[in-house]
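# Close look at the chain arrangement
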Amino acid sequence: MSLTKKLALAVAVFAAPVLTAATASAEGERYVLVSHAPDSDSWWNTIKNGIALAGEQMNVEVEYRNPPTGDLADMARIIEQAAASSPNGIITTLADYDVLSGPIKAAVESGVDVIIMNSGTPDQAREVGALMYVGQPEYDAGFAAGLRAKGDGIGSFLCVNHYISSPASTERCQGFADGLGVDLGNQMIDSGQDPAEIKNRVLAYLNSNPDTDAVLTLGPTSADPTLLALDENGMAGDIYFGTFDLGTNIVEGIKAGTINWGIDQQPFLQAYLPVVVMTNYHRYGVLPGNNINSGPGFVTADGLEMVEKFAGEYR
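What comes next is a walk through the structure.

About the cut-offs
- Residues numbered from 1 in each chain as written.
- Predicted model: local features only at pLDDT ≥ 70, side-chain atom pairs only at ≥ 80, totals over all residues.
- Heavy atoms only, no water.
- Buried < 20%, exposed > 50% of the residue type's maximum accessible area, 1.4 Å probe, protein only.
- Helix = DSSP H or I, 4+ residues; strand = E, 2+ residues; numbered from the N terminus.
- Pairing = 2+ DSSP bridges.
- Right-handed = clockwise from strand over helix to strand, strands pointing away.
- Axes fitted to C-alpha atoms, helices over the stretch in contact; angles between N-to-C directions.
- Contact = heavy atoms within 4.5 Å.

## Describing the pairing of strand β9 (residues 240-244)
Within β9, 5 of the 5 residues are buried, leaving the element largely enclosed by the surrounding structure. Both faces of β9 are covered, namely the face carrying Tyr-240, Gly-242 and Phe-244 and the face carrying Phe-241 and Thr-243. Pairing geometry for strand β8 (residues 214-217) and β9, over 4 bridges, is parallel. Along β9, the bridge assignment pairs Leu-216 with Gly-242. Assessed by its sense of winding, the connection that carries the chain from β8 through helix α9 (residues 220-233) to β9 is right-handed. Read from β9 through helix α10 (residues 248-256) to strand β10 (residues 261-264), the crossover connection turns out right-handed.

## Considering the sheet that holds β8
Read from one edge to the other, the open sheet built from 6 strands follows the order β7-β6-β8-β9-β10-β12, with strand pairing classed as mixed. With one partner strand each, in any of the chains shown, β7 (188-190) and β12 (297-299) form the two edges of the open sheet. In this sheet, neighbouring strand axes are inclined to one another by 20° on average, regardless of whether the strands run parallel or antiparallel. Pairing of β9 with β10, which is carried by 3 bridges, proceeds in the parallel orientation. Note that in β10 the partner of Thr-243 across the bridge is Gly-262. Against the sheet, α9 engages β6 (157-161), β8 and β9, with an angle of about 165° to β9.

Structure follows, in structure tokens:
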């Protein structure tokens, strides 16, 4: 090898790690995740864990912001405030298009990149100018659950909606009814978010409608009190019980046979992936060509080992 080639090779070997270090991060990269969840909803702890790990691995700052009571008008203001703080990007839920699309579009128009996660749809994400959507199409998930329940012989149900002000929650109940091939009608109740009130409303409905075949809850907030209600009225293990999302008590219910299945939308991925995707987009200009469906996946007693280990943390 000539001296010139040896020198060129030495320069290339020396320069490679310098180039990698220079492009690994940018000074002050900051992303804000805005959710519609109230402070009381523990399900979102997994979201917080997801962005924390992504921030650590990508060497970026990630903030979590939410309306303490779950008020969507408050959330709209939080999105406006986040955009005004000039972050590199905003990751946000789209729980109500009518309330939130305006502030999100304004953020995009101001030059802030946005990824929609968790709620909303890929079409809505495109309409507001977001880069992409990462989440579980809620109606589709409810419909899949309804088809599964129909195959198990279910014809009537109670949907315990603890966040009825969010259209995405109602889509879960409506999808379930459509999957069964029945009218939703009064089979969905507004349970509120107080555990004692949820328990009492479930008991009252089942007392008035004793022939109800199944119960559908929309997450730990409504599932945990419903488990207590079924224990109290003696229906635990006898009535068909499906739920969205996972949590410690839900996993225990599946394990015990009280809950038939839980729909895992993988919230960890909903938080983790947008941070990774957006960081790489800003650093290298690369972006997935499609939206990412993080769910639905049905969790039953047959596949609980990893779920049980990480429930409420990463699952």
